[in-house]
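Secondary and tertiary structure notes
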Amino acid sequence: MTQATYVVIGNPIAHSKSPLIHAAFAAQFAGHPAVAGFLYDKLLAPMDGFVACVAQFAAAGGRGANVTVPFKEEAFRLTETLSERAQAAGAVNTLQLQSDGSWLGDNTDGAGLVADVLRHIDIQGKRILLLGAGGAARGVILPLLAQEPASLTLANRTFGKAQALIAHFQPNTPIPLQACEFAAVAGQFDLIINATSASLGGERLPIADSVFAPVALAYDMMYGKAETPFLAQAREAGVTQRVDGLGMLVGQAAEAFHLWTGLRPDVAPVLDWMRAQL
Ligand code: ATR
């Protein structure tokens, strides 16, 4: 078991960039009492051993954890106290040890996305098209709605999943939400966000170029050294501002770091540094 006070737990975990990001954040506050003893490591949990792994980590002095694939939903089910945004996301990506020894489950993914989008455009009053209806899409809906967009349209390959998500969120917001199939996406949008995993397979989405025409910002939650298929599609359709998800990754980490330490790190230099390492 690790001696670290903070970890990212997943399976696989070797590829995770979270330790680099958190070490860079902690270095920004060197000497500050809130980061005294801050040591962040990776923790590989067996596929059937997430709960035992978290318990061992706590017993060894762990104070907080990030949770990644495939344990975010399991962490959600097993955490007694959940933040509102974790409840809305149906998933937990951040755990914080409470004074009574229990864990608080939070989800900082949506806040990370929103913070990164706001570095480029305002969201208030904007028409959002969100592509995908899996965990990644669900996790960002509440934080996006908190920015008071004019509308949010959710398009997904499997229409029923988009419908179910809209039915879940619409009763709690006056903002008009709509579900549709990719082929039926019509109308004008200011912000288009790809939360599907289609880019992983190198695939483009069956969305008409005309949908991209007035878009001010195309955002792909995926990232990589090469341009993602979705951002290539947006570029060819004429969208000038195109951003990949590396900033969301650093942003969700910044939110977790803030939860644990009360400190707000400067994201920009860490993002530049991470970009240079891709
Ligand atoms: P995640 O946690 O990353 O959201 P997920 O819950 O498996 O993962 O969801 C993946 C999302 O990507 C879904 O919206 C999925 O569409 P379906 O609901 O129809 O399965 C979408 N997706 C995956 N591959 C896709 C592809 N090749 N084309 C379009 N959508 C795709």
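Residues numbered from 1 in each chain as written. Predicted model: local features only at pLDDT ≥ 70, side-chain atom pairs only at ≥ 80, totals over all residues. Heavy atoms only, no water.

Re the overall build of the protein
Threshold: Secondary structure elements follow DSSP: runs of H or I no shorter than four residues count as helices, runs of E no shorter than two count as strands, and numbering proceeds from the N terminus. Radius of gyration: over C-alpha atoms. The globule rule applied is 2.2 Å multiplied by the number of residues raised to the 0.38 power. Per-residue accessibility, obtained with a 1.4 Å probe over protein chains only, is compared with the maximum for each type, and a residue is labelled buried under 20%, exposed over 50%, and partly exposed between these values. Working rule for contacts: check all heavy atoms of both residues, and any pair within 4.5 Å makes them a contact. To measure how exposed things are, a 1.4 Å probe is used in the Shrake-Rupley method; for residues, cover is taken only from the protein chains shown. By the counting scheme adopted, Arg and Lys are positive, Glu and Asp are negative, and His together with the chain ends is not counted. Note that the charge is assigned to NZ on lysines, CZ on arginines, CG on aspartates and CD on glutamates.
Helix and strand content of the protein: eleven helices and twelve strands. Taking 19 Å as the expected radius of gyration for a compact globule of 278 residues, we find that the protein reaches 19 Å, a close match to that expectation. Along the three orthogonal principal directions, the C-alpha set of the protein runs to about 55 × 40 × 35 Å. Of all 278 residues assigned to the protein, the portion counted as buried reaches 53%. When contacts within the protein are restricted to residue pairs at least 6 apart in sequence, those whose partners lie at least 24 apart make up 70%. Of the roughly 12,200 Å² of accessible surface on the protein, a fraction of 53% belongs to carbon and sulfur atoms. The averaged location of the 23 negative side-chain charges in the protein is 4 Å from the averaged location of its 18 positive side-chain charges.

Details of the domain arrangement of the protein
We count it as follows: For the domain bounds, the source is a domain assignment made automatically or taken from a database. Accessible area that two parts lose when put together, with a 1.4 Å probe and added across both, is what the buried area reports. Basic side-chain nitrogens of Lys or Arg form a salt bridge, by our definition, when they fall within 4 Å of a carboxyl oxygen of Asp or Glu. Any N or O atom pair separated by 3.5 Å or less is treated as a polar contact, with the protein-specific requirement of one donor-capable and one acceptor-capable atom, and with residues adjacent in sequence counted only for side-chain atom pairs. Each residue receives one of three labels: charged for Asp, Glu, Lys and Arg, nonpolar for Ala, Val, Leu, Ile, Met, Phe, Trp, Tyr, Cys and Pro, and polar for the others, Gly being one of them.
Considered domain by domain, the protein is made up of domain 1 (6-107 + 248-277) and domain 2 (110-244). Computed over C-alpha atoms only, the centres of domain 1 and domain 2 are separated by 26 Å. On the domain 2 side, the residues contacting the 16 residues of domain 1 number 16 residues. Each partner contributes to the roughly 1,200 Å² buried at the junction of domain 1 and domain 2, and carbon and sulfur atoms together form 59% of this total. Linking domain 1 with domain 2 are one salt bridge. Here Arg 275 ties to Asp 244 by a salt bridge, and the two come within 2.9 Å at their closest N and O atoms. Where domain 1 touches domain 2, the interface holds five residue pairs in polar contact (both at pLDDT 80 or more). Tallied by class, the residues present in the side of domain 1 that touches domain 2 amount to six nonpolar, five polar and five charged.

Structural notes on the site of the ligand
Put simply, the rule reads: Here a residue is considered near a molecule or strand provided that any single heavy atom belonging to it is located within 4 Å of it.
Taken together, 15 residues lie around the ligand, and Ala 136, Asn 156, Arg 157, Thr 158 and Lys 161 are the ones closest in. In this structure, Ala 136 approaches the ligand through a main-chain N or O atom, which is 2.9 Å from an oxygen atom. The separation between an oxygen atom of the ligand and a polar side-chain atom of Thr 158 is 2.5 Å. In isolation the ligand exposes 640 Å². Once the protein is present, 72% of that is buried.

Focus on the nonpolar core
Put simply, the rule is: Buried residues of nine kinds, namely Ala, Val, Leu, Ile, Met, Phe, Trp, Tyr and Cys, make up a nonpolar core once their side-chain atoms join them within 4.5 Å.
Formed by 31 residues in total, the largest nonpolar core has its most connected members in Leu 130, Leu 144, Leu 154 and Ile 193. Those elements that place two or more of their residues in this core are helix H5 (109-118), strand E7 (127-131), helix H6 (135-145), strand E8 (151-155), helix H7 (159-169), strand E9 (177-180), strand E10 (191-194) and strand E11 (217-220). The element contributing the most residues to this core is H6, with five residues. Beyond its immediate sequence surroundings of up to four residues, Ile 193 is in contact with Leu 113, Ile 128, Leu 129, Leu 130, Leu 131, Leu 144, Tyr 219 and Met 221. Core analysis: the next-biggest nonpolar cluster, separate from the first, contains 24 residues, Phe 38, Leu 246, Val 250 and Leu 271 among them.

Some points on the side chain of Thr 79
Relative to the helices and strands, Thr 79 resides in the loop between helix H3 (72-78) and strand E4 (81-82). Of note is the side chain of Thr 79, whose polar atom sits 2.4 Å from the backbone oxygen of Ala 75. Sequence-distant contacts of Thr 79, defined by excluding residues within four places in its chain, comprise Val 92, Leu 95, Trp 103, Leu 104 and Gly 105.

Description of helix H2 (residues 50-59)
Since there are 3.6 residues in each turn of an α-helix, residues three or four apart along the chain are aligned in direction. Counted only if it meets this: Along the arc lie the directions from the helix axis toward the C-beta atoms.
Inspection of H2 places Phe 50, Cys 53, Val 54 and Phe 57 among the buried residues, and these make up the whole buried set. One face of H2 carries all of its buried residues, which in axial projection span an arc of 100°. Those residues of H2 that are buried are in contact with strand E1 (6-10), strand E2 (40-44), strand E3 (64-67), H3, strand E5 (94-97) and strand E6 (103-106).

Looking at the pattern of salt bridges
As a working rule, side chains carrying opposite charge can pair if their charged atoms are close by. A full pass over the atoms with the stated rule returns nine salt bridges. A salt bridge links Arg 127 to Asp 190; the shortest N-O distance between them is 2.8 Å. A residue pair is termed long-range when its members are at least 10 positions apart, and Arg 127 in strand E7 and Asp 190 in the loop between E9 and E10 qualify at 63 residues. Residue class for Arg 127 comes out partly exposed when judged on its relative accessible area of 30%. Between Arg 264 and Glu 255 there is a salt bridge, and its shortest N-O distance comes to 3.4 Å. Each of Arg 85, Asp 106, Glu 255 and Arg 264 takes part in salt bridges that share partners, so that together they form one network.

Quick look at the environment of Ala 26
Along the chain, the position of Ala 26 falls in helix H1 (residues 18-28). Separated by 14 residues in the primary sequence, Ala 26 and Tyr 40 have C-alpha atoms spaced 9.5 Å apart. Among residues more than four places away in sequence, those in contact with Ala 26 are Val 35, Phe 38 and Phe 257.

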